[in-house]
Amino acid sequence: MGLTLMEGNEAIGWGAMAAGCNFFAGYPITPATTIYNTMLRLLPPKGGVCLQGEDEIASIGFCLGAAMSGMKAMTATSGPGISLYSEQISFAIGSEIPIVIVDVQRLGPSTGSATKGADGDIQFLQWGNSGGLPVIVLSPVDVRDCHVLTMHAFNLAEQYRCPVFLAANKEVSMTRETIDLEGLDLPQVVERRTAGADHPFMPFGVKNDEQVPDFLPIGGQRLVRQTSSTHGADGYITTDPGQIAAMQARLDGKLKKNVSAFTFYEECRVPGADTLVIAYGVTARAALAAVKKMQQGNSKASLLILKTLWPVPEELIREKAAPYRRVVMAEMNLGQYVRELQRLLPGKKIDFLGQMNGEMIKPGQIQEVIQHG
Amino acid sequence: MDSLLNTSRPPVFCPGCSHEQVLHSLDQALTGMGLCGEEVVIVSDIGCSGLFDTFFNTHAFHGLHGRALTYATGIKMARPDLKVIVTMGDGGLGIGGAHVLSTCRRNIDLTLLVLNNFNYGMTGGQCSATTPQDAVVGSGFLNRLEKPLDICQVAGAAGAGYVSRISTYDKGLVEGLKDAIAFDGFSLVDVWGICPGRYTRRNKLSPKSIEADLAKLPELGDYKTRNARAEYGRAYRQEAATLQPAAEPVRIEATCTPPAPGRWEVVVLGSAGQRIITAGELLCLAGASAGCHAAQKSDYPITVMRGHSVSEIILSDTGIEYTGIENPSVVIALAPEGVNRRKKMLAGLSPEAWVIKASGIELPSCPASVIQVDFKSGKIKPQDWALVALAVLAGMNRVLTMDMLKAAMKLRFRKTEYEAAIAMVEKAAALQLLQL
């Protein structure tokens, strides 16, 4: 084995390539720019396309057009860009367009601090669309996750025909780290299921036992319709309440019902612990350091690292938290994902540690909360 | 082929709407060019022009307001063989202005039909980017305050190779559309027409007056000649074909032995131009060459040629969990800009820590051991101070060894750079800078 020195954003680029990404468009923004730089280096020489849009709206628009033409597309930005993506994200959700969207979070609100990390977009990624339908959000802890979860993100986008977010953080994306590329546990590459020629093509039609429509690319021998309007299975506008309700229920269910199939997590179980720390992203690393340091002491804690944040892996959280008296949630915001825990774990003591000052939460801060419970 | 229109979905425009005439003209243009539905994509915007895609038996993409050109660009880059037609109203033109300008500049092979009826028909006849100042529209007095946009002049100035304006009622419309669609690059046709549902309820507009108004406008420049150049997609593919695939990520074999086990935190404090980030990278590579895990974070202002430059490095023989600096083993202090950024950290250093500092740098009082290096008297240029400081550290056999540093330099630098770096390290050694 040999180690490779790589930035998180670079690993996202290589992960995308390994997943079969052949289209990228983005608009430069710190701390996401190096993803664009990487894709510009990797894609065009391999026959792929990497474009710089005139703004974020154009960048994701290019991706949606390309994705509907059969390409595997990715875009990357930070909070200000996600804000501009919002309307296009709603489109991708409602019209089932596979796309990977990387949000390298920086300290907000607004333009905030370009070079400071945060996890301030965690609720925004789920709810920053009109209509309130679910999305998939994966959160990398380190450079290895940047590579591996990006591959999963592409696979899930293909499989479920939906936008999949990678909720990165400046502290993961712009940190250079060693990674053992040969030791990675990489998933098989998944391609979207295409419609067979045996029956007429319905752009949004699903067979009885399926939740995701078969795909055909724009430009093929059979005509394809895509629309941002409320549509029936045929891709034409509908006002029929029955059809509309069925479509909304399917879009809601196709992700929520299947979340156990893509619940990524890690855990560190400490015998004798009565506290469970739950963390995600870069904060999970401080939490791991804290939990390990306290293994020999009087107050011990176990750790659950969530890598699938949305749809909320409710079953996993309930199951993992059950044996513990208390849960400690640490995140780089003033209390976002902890709301999900409060909702899922009524009656359990939940202590929260949040920070929004441009700095990472330190292991010592987490230790302190574990100790004083 | 007679028609690409969808017979099961006849047009539903208001009686007398110019859009319906354009619809038939577009159909005649496409069929007249011998195109079949599978070869054509209609990308439509929001508003009444956004209904276009539903009336055709072609590929169809209907998206958000003003963004039609963005999808069309993605589609055309993915499928250069398709004829991509974008329909947009004067509303889409206004809200999507940045995309119109950029598409003109790009010269990608799309055809944009601006179905210009001088108001927002669908929402109640409000003013758009092309509403005349003397028109009576649903926006009260507001349109009287804004000058209407002549999109053709703008598009030409922005680099569109094909720009034309024409009345819906012009007998040459079908030929005009064919011409635009056949153009190898971005073509924009500004098609003027009547919105009977909203606009002509309160404003006088007729085929004749449109013709007269068009005739009054200044001539368009010869953009075909002035803006002639290669189509974007083709030029893109030509450029891309000359590129070499990026090299695979380098895997660093562990060929050296680290001086001691454990976790080592090093902070390099300097200023722009001192190659602080490169020094941090060298340290990480040195670690990896001894099988250690490494992490590096950097901090510098957006004005990259001025101000502080700070690099924080962790080397560890076990996996690195927390990537923040908690207890630095070594601080390299080379410029006041960097030192000022980490005063608190310097004051809190442990007695076991070492500071390597350039002479003249003032530090807050701290219990760490301090080594002073007189780079200036050694005639070492500021951009080499960080490298020499690493050599000093290697000379002390702390964090890294000289073998590790050399292995890192070999990985990081090209041959001539490497030789210069080795010479620099040797020069520093000869000057006895590396001695304690």
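Residues numbered from 1 in each chain as written. Chains lettered and ligands numbered in written order. Predicted model: local features only at pLDDT ≥ 70, side-chain atom pairs only at ≥ 80, totals over all residues.

## Thoughts on the overall build of chain A
Here is the rule: Helix and strand definitions here come from DSSP, where helices need a minimum of 4 consecutive H or I residues and strands a minimum of 2 consecutive E residues; each element is numbered from the N-terminal end. Three exposure classes are used, based on other C-beta atoms lying within 10 Å of a residue's own C-beta, which is placed from the backbone: buried for 20 or more, exposed for 12 or fewer, and partly exposed in between. By the convention adopted here, residues make contact when the C-beta atoms placed from their backbones lie within 7 Å.
A tally of helices and strands in chain A yields twelve helices and 16 strands. Seen along its three principal axes, the alpha-carbon backbone of chain A occupies a region of about 70 × 45 × 40 Å. Out of the 373 residues belonging to chain A, those deemed buried represent 58%. Within chain A, contacts between residues separated by at least 24 positions form 76% of all contacts whose residues are at least 6 apart in sequence.

## Considering the overall build of chain B
As a reminder of what qualifies: In this setup the radius of gyration rests on C-alpha atoms only. A globule is expected at 2.2 Å times the number of residues raised to 0.38.
Along its length, chain B carries 16 helices and twelve strands. For 436 residues, the compact-globule estimate of 2.2 N^0.38 gives 22 Å, and chain B exceeds it by more than 25% at 34 Å. Projected onto its principal axes, the C-alpha positions of chain B cover 95 × 50 × 40 Å. Within chain B, contacts between residues separated by at least 24 positions form 68% of all contacts whose residues are at least 6 apart in sequence.

## A short note on the sheet that holds strand 10 (residues 330–333) of chain B
To be explicit about the condition: Two strands are said to pair when DSSP picks up at least two bridges between them. To define axes, lines are fitted to C-alpha atoms, for helices over the stretch in contact only, and angles between the resulting N-to-C directions are given on a 0 to 180 degree scale.
On the basis of which strands lie adjacent, the open sheet formed by eight strands has the order 1(A)-9(A)-8(B)-9(B)-7(B)-10(B)-11(B)-12(B) and mixed pairing. Each edge of the open sheet is held by one strand with a lone partner, namely strand 1 (4–7) of chain A together with strand 12 (369–373) of chain B. The mean angle between the axes of side-by-side strands here comes to 15°, regardless of whether they run parallel or antiparallel. By the bridge criterion, four bridges tie strand 1 of chain A to strand 9 (residues 176–179) of chain A in an arrangement that is antiparallel. Bridge pairing links L5 of chain A to T178 of chain A in strand 9 of chain A. Along the sheet, helix 14 (residues 382–395) of chain B makes contact with strand 7 (263–271), strand 10, strand 11 (354–358) and strand 12 of chain B, crossing strand 11 of chain B at roughly 145°.

## What to know about the environment of L93 of chain B
Tracing the backbone shows L93 of chain B in helix 3 (residues 90–95). With sequence-adjacent residues up to four places away left out, L93 of chain B is seen in contact with M88, V100, V114, A129 and I151 of chain B.

## As for the sheet that holds strand 1 (residues 40–44) of chain B
Strands sit in the order 10(A)-2(B)-1(B)-3(B)-4(B)-6(B)-5(B) across an open sheet of seven strands; the sheet is parallel. Lying at the two open borders of the sheet, with one neighbouring strand each, are strand 10 (225–227) of chain A together with strand 5 (162–167) of chain B. Looking at each pair of strands side by side, their axes are set apart by 15° on average, direction ignored. Of the strands in this sheet, strand 3 (83–89), strand 4 (111–116), strand 5 and strand 6 (187–192) of chain B touch helix 6 (residues 173–182) of chain B, which is tilted by about 165° from strand 5 of chain B. Where helix 8 (residues 207–216) of chain B meets the sheet, its contacts fall on strand 5 and strand 6 of chain B, and the angle it forms with strand 5 of chain B comes to roughly 145°.

## Points about the domain arrangement of chain B
For clarity, the threshold we go by: For the domains described, the bounds stem from an automatic or database domain assignment.
For chain B, the assigned domains are domain 1 (18–241) and domain 2 (263–430). Measuring from the centre of the C-alpha atoms in domain 1 of chain B to the corresponding centre in domain 2 of chain B gives 59 Å.

## Overview of the interface of chain B and chain A
Condition: Residues are grouped as follows: nonpolar covers Ala, Val, Leu, Ile, Met, Phe, Trp, Tyr, Cys and Pro; charged covers Asp, Glu, Lys and Arg; every other residue, Gly included, is treated as polar.
Taken together, the contact pairs 50 residues of chain B with 56 residues of chain A. A total of eight residues in the side of chain B that touches chain A trace back to one element, the largest contributor, which is helix 2 (residues 68–78) of chain B. For the side of chain B that touches chain A, the residue count by class is 25 nonpolar, 17 polar and eight charged. Where strand 9 of chain A meets strand 8 (residues 293–299) of chain B, two bridges bridge the pair, whose relative direction is antiparallel. Note that in strand 8 of chain B the partner of R176 of chain A across the bridge is Q296 of chain B.

## Here we look at the domain arrangement of chain A
Often, the extent of an interface is quoted as the loss of accessible area upon association of its parts. Residue and element names in this part refer to chain A. Looking at chain A, the domain boundaries give domain 1 (1–262) and domain 2 (266–371). Its C-alpha centre places domain 1 at a distance of 28 Å from the equivalent point of domain 2. Between domain 1 and domain 2, the residue contacts involve 30 residues of the former and 22 residues of the latter. Looking at the side of domain 1 that touches domain 2, the elements with two or more residues in it are strand 6 (113–117), helix 5 (122–127), strand 7 (136–138), helix 6 (143–160), strand 8 (163–169), helix 7 (170–173) and helix 8 (241–256).

## Some words on helix 4 (residues 79–94) of chain A
All names here are of chain A. Quick reminder of the rule: For a helix, the expected span equals 1.5 Å multiplied by the number of residues minus one. A residue's bend is the angle separating two fitted axes: one through the seven residues that end there, the other through the seven that start there.
The terminal C-alpha atoms of helix 4 lie 22 Å apart, and with 16 residues this matches the ideal 22 Å at 1.5 Å per residue to within 8%. At S86, helix 4 shows its maximal bend, which comes to roughly 55°. Burial in helix 4 covers these residues: G79, G81, I82, Y85, Q88, I89, S90, F91, A92, I93 and G94. Residues of helix 4 that are buried sit in contact with helix 3 (56–68), strand 4 (73–77), strand 5 (99–107), helix 5, strand 8 and helix 8. Immediately beyond the C-terminal end of helix 4, within one or two residues, lies E96, with a positive phi of roughly 55°.

## Description of the packing of helix 9 (residues 283–293) of chain A against helix 12 (residues 363–371) of chain A
All names here are of chain A. Quick note on the threshold: Any angle between 65 and 115 degrees counts as roughly perpendicular, while under 35 counts as roughly parallel, over 145 as roughly antiparallel, and the rest as oblique. Take the far helix as your reference; a near helix turned counterclockwise from it by less than a right angle gives a left-handed crossing, and one turned clockwise gives a right-handed crossing.
Put simply, helix 9 and helix 12 touch, their axes get as near as 8 Å, and they point 55° apart. By the angle between their directions, the pair helix 9 and helix 12 is classed as oblique. Both helix 9 and helix 12 take part in a crossing whose hand is right-handed. Residues A286, A287, A289, A290 and K293 of helix 9 form the contact with helix 12, whose own contacting residues are P363, I366, Q367 and I370. When the residues that make up the contact of helix 9 with helix 12 are grouped by side-chain class, the tally is seven nonpolar, one polar and one charged.

## So, helix 1 (residues 8–18) of chain A
Residues and elements named next belong to chain A. Burial runs high along helix 1: ten of the eleven residues are buried. Within helix 1 the residues assigned to the buried category are G8, N9, E10, A11, I12, G13, W14, G15, A16 and M17. A positive phi of about 95° marks G20, the residue just after helix 1.

## Considerations on the pairing of strand 15 (residues 326–331) of chain A
Residues and elements named next belong to chain A. Of all the six residues making up strand 15, five are buried; the element is thus mostly covered by neighbouring parts of the structure. Sheet analysis places strand 12 (residues 275–280) next to strand 15, joined by five bridges and oriented parallel. Directly across from L276, in strand 15, lies its bridge partner V327. In the sheet, strand 15 pairs with strand 16 (residues 349–354) via six bridges, with the strands oriented parallel.

## Section: the packing of helix 1 of chain A against helix 6 of chain A
All names here are of chain A. In contact at an axis separation of 7 Å, helix 1 and helix 6 are set at 35° when each is read in the N-to-C sense. For the pair helix 1 and helix 6, the crossing hand works out as right-handed. Here G8, A11, I12, W14, G15, A16 and A18 of helix 1 come into contact with helix 6, specifically with V143, C146, H147, V148, T150, M151 and F154. By residue class, the composition of the contact of helix 1 with helix 6 is ten nonpolar, four polar and no charged.

## As for the environment of M396 of chain B
Inspection of the secondary structure puts M396 of chain B in the loop between helix 14 and helix 15 (402–412). Note: C-alpha distance between M396 of chain B and P259 of chain B (137 residues apart in sequence) is 9.8 Å.

## Let's talk about the pairing of strand 13 (residues 301–306) of chain A
Residues and elements named next belong to chain A. Taking burial as the measure, the six residues of strand 13 include six buried ones, the bulk of the element. Covered by surrounding structure in strand 13 are A301, L303 and I305 together with S302, L304 and L306, the residues of both alternating faces. Relative to strand 13, strand 11 (residues 265–268) runs antiparallel, the two sharing four bridges. Each residue of the ladder has a partner; that of E266, found in strand 13, is I305. Two elements, strand 12 and strand 13, share six bridges in a ladder whose sense is parallel.

## Some details on the confidence of the model for chain A
Spelled out, the test is: Confidence per residue, as judged by the predictor, is encoded in pLDDT with a range of 0 to 100.
With 100% of its residues at a pLDDT of at least 70, chain A reaches an overall mean of 97. Element-level mean pLDDT values for chain A span from 94 in strand 6 of chain A up to 99 in strand 4 of chain A.

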